[in-house]
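The chain contents come next:
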Amino acid sequence: MKSGIDQKGPSEFGISGRLEKWDRSKDLNKIKVPTLVIGARYDTMDPEHMKWMATQVQNGSYLFCPNGSHMCMYDDQETYFKGLIKFIKEVDAGKKKVEF
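Note that the structure is a prediction, hence the values are computed from the model and not measured. (Residues numbered from 1 in each chain as written. Predicted model: local features only at pLDDT ≥ 70, side-chain atom pairs only at ≥ 80, totals over all residues. Heavy atoms only, no water.)

Asker: How do you make sense of the overall build of the chain when you look at a structure like this?
Answerer: Tallying secondary structure elements over the chain gives three helices and two strands in all. Ordered by position from N to C terminus, the α and β elements of the chain give β-α-β-α-α. Within the chain, buried positions represent 30% of all 100 residues. Pairs at least 24 residues apart make up 62% of the contacts formed inside the chain by residues separated by at least 6 positions. When the accessible area of the chain is evaluated, it comes to approximately 7,100 Å², of which 55% is carbon and sulfur surface. (Helix = DSSP H or I, 4+ residues; strand = E, 2+ residues; numbered from the N terminus. Buried < 20%, exposed > 50% of the residue type's maximum accessible area, 1.4 Å probe, protein only. Contact = heavy atoms within 4.5 Å. Areas by Shrake-Rupley, 256 points an atom, 1.4 Å probe, with all protein chains shown as cover.)

Asker: I would appreciate a short explanation of the pattern of salt bridges in the present structure.
Answerer: If charged atoms from side chains of opposite charge come close, those side chains can pair. For the structure on display, the rule yields four salt bridges. Between K30 and D27 there is a salt bridge whose closest N-O contact spans 3.2 Å. Note on K30: relative accessible area 57%, which makes it exposed. For D27, a relative accessible area of 24% corresponds to the partly exposed category. (Salt bridge = Lys/Arg side-chain N within 4 Å of Asp/Glu carboxyl O.)

So, in structure tokens, the structure goes:
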């Protein structure tokens, strides 16, 4: 990954062709709207990278699903939906960032 954080472990996502060198990480700081980034322990993307992404957007919040995978809305439903609902309610109330 071009962000400076290396992905850990194997991944089925191989990049080649025109997208191989495409990197938008330097543009994350242009995102101003409240943004929820969700990471999960068993996801194919390193949860620490997801946490880093939340720090790069201007109003980023990070939710970690300790029992989740790439489909944490199914395999860690309690954490996922409690966090998502909290994020929506707090942003609706005017907060820009939400602590979990």
